[in-house]
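# Residue-level structure breakdown
What follows is each chain in one-letter form.
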Amino acid sequence: MAECRSALDKLSDNLAAAEGDVRSAAALDRSLSCHIKDLDITFTGRLAHGRIRVADTVEGPPGEKAEIRLAMTSDDLVALVDGDLNFAKAWASGRVRLEAGFRDLLKLRTLL
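Right, let's walk through the structure included here. (Residues numbered from 1 in each chain as written. Predicted model: local features only at pLDDT ≥ 70, side-chain atom pairs only at ≥ 80, totals over all residues. Heavy atoms only, no water.)

With that out of the way, let us pick up helix α3 (residues 74-82). Counting buried residues in α3 gives 7 out of 9 residues, a clear majority hidden from the surface. Contacts made by the buried residues of α3 are with α1 (2-17), β1 (30-36), β4 (68-72) and α4 (87-93). Looking one or two residues past α3, Gly83 carries a phi angle of roughly 85°, positive in sign. (Buried < 20%, exposed > 50% of the residue type's maximum accessible area, 1.4 Å probe, protein only. Helix = DSSP H or I, 4+ residues; strand = E, 2+ residues; numbered from the N terminus. Contact = heavy atoms within 4.5 Å.)

Right, dumping it as structure tokens:
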């Protein structure tokens, strides 16, 4: 669980340091959940001002439907953030699940 939290913090730092289209996409203000399937925990919080702010960690799947929802294993989260796993390929193969409104998906595509 600590590794996953650290990976989310690193992702937040990467988004905050981004420029151009990535910075614009990260500037959304949306509720966010990241369900770690193998640990059966969910990190909840917000994507705002180019940063991910984790507010809580709950057991099981998210209780409320966040505007941006991610689901993956802990190993895949760490590999994604470290650059060892391509997000688009992981998403296409079903290893990573991303759910959001259509407009948000269009905006987020620059992050992928």
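The rest of the description comes next.
With 16 residues, α1 extends 23 Å from end C-alpha to end C-alpha; this agrees with the ideal 22 Å at 1.5 Å per step. The set of residues buried in α1 consists of Cys4, Ala7, Leu8, Ser12 and Leu15. Down the axis of α1, the smallest arc covering the buried residues is 140°, so these residues share one side. Along α1, the residues that are exposed and aim more than 90 degrees away from the buried face are Ala2, Glu3 and Ala17. (Expected span 1.5 Å × (residues − 1). Arc of directions from axis to C-beta.)

This paragraph deals with the pattern of salt bridges. Enumeration according to the criterion identifies 8 salt bridges in this entry. Linking Arg97 and Glu99 is a salt bridge whose minimum nitrogen-to-oxygen distance equals 3.0 Å. Residue classification places Arg97 among the partly exposed positions, given a relative accessible area of 44%. Overall, Glu99 belongs to the partly exposed group, its relative accessible area being 30%. A network of salt bridges, in which partner residues are shared, links Arg69, Arg97 and Glu99. (Salt bridge = Lys/Arg side-chain N within 4 Å of Asp/Glu carboxyl O.)

Counting 28 residues, the largest nonpolar core has Ile36, Phe43, Ile68, Leu70, Met72 and Leu77 as its most contacted members. Only α1, β1, β2 (41-48), β3 (51-59), β4, α3, α4 and β5 (97-100) provide two or more residues apiece to this core. It is α3 that provides the largest number of residues to this core, a total of 5 residues. Setting aside chain neighbours within four positions, we find Leu70 in contact with Leu32, Ser33, Cys34, His35, Phe87, Arg97 and Leu98. (Core = buried A, V, L, I, M, F, W, Y, C linked by side-chain atoms within 4.5 Å.)

The values are spatial; any link to function lies outside them.
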